[in-house]
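Here are the chains, one letter per residue:
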Amino acid sequence: MKATPAMQRYAAEVFRLQQDSQYVGLVELSESASSSPQATSRMVGRMKELGYLDHELYRGVRLTMKGEQIAMPALRRHRLVEVFLVKVMKYGWDEAHELSDSFALGVNDQVEDRIDEITGKPTRCPHGEPIPSKEGVMPLVKDVNLLEVPSGSDCVISRVRTHDGEKLRYFADLDLVPGVTFHLFSCAPFKGPLNLQITHHNHLIGYELAGSLWVEVTKRGDGNKLPPKKN
């Protein structure tokens, strides 16, 4: 049986969610897919039978290699539509994800190719996530979470990994968007705020918020240094 569009969309949701955890819980998947727990459970059962998912009781689901393959078309279409909504239709990047969920349902292969062409064949969505090729190949992205970067480092924002509208608008206000370079001036201990320097402006952002930023490190710093002990 060939994967249905609905299966592809579920696979895409699992792919996104399992970037942060080894297994995806059914409740989490249901919320992400905007589906009822009963419908999600039925879909998971069908996809497991077809070899698209592994399902472990009390742990959740994870895509098989076959499942990752069927996720790519839906991910490509979703992220291309996000680019179209922001670049052509001038929606905010905080609106693109939710709008794309419904907009992409009406996009066929011909329209997808046209969107790809008029948006300049993008390789990233507005939030920096990579766009799979038409052949289903996901580009390799070499970045790390900002919380893993030592202070004193120079960085380029690669991805902003949140769909929370308020957070995205705040990041945009601070000009913390993909492609922007900054210097990580300091990191307060015990999950304190981070001091980021963009050109001549410094911004303090909270530890939890900083966890949404993924960066490429262009120059690695030495990290925070303790002050010398007094004699």
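Scoring rules and cut-offs
- Residues numbered from 1 in each chain as written.
- Predicted model: local features only at pLDDT ≥ 70, side-chain atom pairs only at ≥ 80, totals over all residues.
- Heavy atoms only, no water.
- pLDDT = per-residue confidence, 0-100.
- Helix = DSSP H or I, 4+ residues; strand = E, 2+ residues; numbered from the N terminus.
- Patch = residues over 30% accessible without salt bridge, like charges linked within 9 Å, V, L, I, M, F, W, Y side chains within 5 Å.
- Areas by Shrake-Rupley, 256 points an atom, 1.4 Å probe, with all protein chains shown as cover.
- Salt bridge = Lys/Arg side-chain N within 4 Å of Asp/Glu carboxyl O.
- Expected span 1.5 Å × (residues − 1).
- Buried < 20%, exposed > 50% of the residue type's maximum accessible area, 1.4 Å probe, protein only.
- Axes fitted to C-alpha atoms, helices over the stretch in contact; angles between N-to-C directions.
- Parallel < 35°, antiparallel > 145°, perpendicular 65-115°, else oblique.
- Contact = heavy atoms within 4.5 Å.

(A) Spotlight on the confidence of the model for the protein. Considering every residue of the protein, the mean pLDDT works out to 93; 96% of them sit at 70 or more. When the elements of the protein are averaged for pLDDT, strand β7 (residues 201–205) gives the smallest value, 92, and strand β4 (residues 154–160) the largest, 98.

(B) Looking closely at a nonpolar patch on the surface. Where nonpolar side chains cluster on the molecular surface, the patch consists of V88, M89, Y91, L99, F103 and I118 and spans about 460 Å² of accessible area. Along the polypeptide, L99 turns up in helix α5 (residues 93–103).

(C) Focus on helix α1 (residues 5–17). Taking 1.5 Å per residue as the helical rise, α1 with its 13 residues ought to reach 18 Å, and the 19 Å between its terminal C-alpha atoms agrees with that figure. Taken together, the buried positions of α1 are occupied by M7, Y10, A11, A12, E13, V14, F15, R16 and L17.

(D) Local environment of the packing of α1 against helix α4 (residues 65–87). Direction vectors running N to C along α1 and α4 enclose 90 degrees, while the axes themselves pass 7 Å from each other. With respect to their mutual orientation, α1 and α4 come out roughly perpendicular. Contacts between α1 and α4 involve M7, Q8, R9, A11, A12, F15 and R16 on the former and, on the latter, G67, E68, I70, A71, M72, P73, A74, L75, H78 and R79.

(E) Examining the pattern of salt bridges more closely. By the definition in use, this model includes 16 salt bridges. When the shortest N-O distance is used, the salt bridge between E13 and R16 registers 2.3 Å. Of this pair, E13 and R16 both sit in helix α1, three residues apart, roughly one helical turn. On the basis of relative accessible area, E13 is assigned to the buried category, the value being 8%. Overall, R16 belongs to the buried group, its relative accessible area being 14%. When salt bridges that share partners are traced, they join R76, R77, D109, E112, D113, D116, K121 and K134 into one network.

(F) Structural detail: unusual backbone geometry. At K121, a position not held by glycine, the phi torsion is positive, near 50 degrees. Of note, K121 is situated in the loop between α6 (109–118) and β3 (144–145). Phi at F190 takes a positive value of approximately 60 degrees, unusual for a residue other than glycine. Structurally, F190 is set in the loop between β5 (181–187) and β6 (194–198). A relative accessible area of 81% places F190 in the exposed class.

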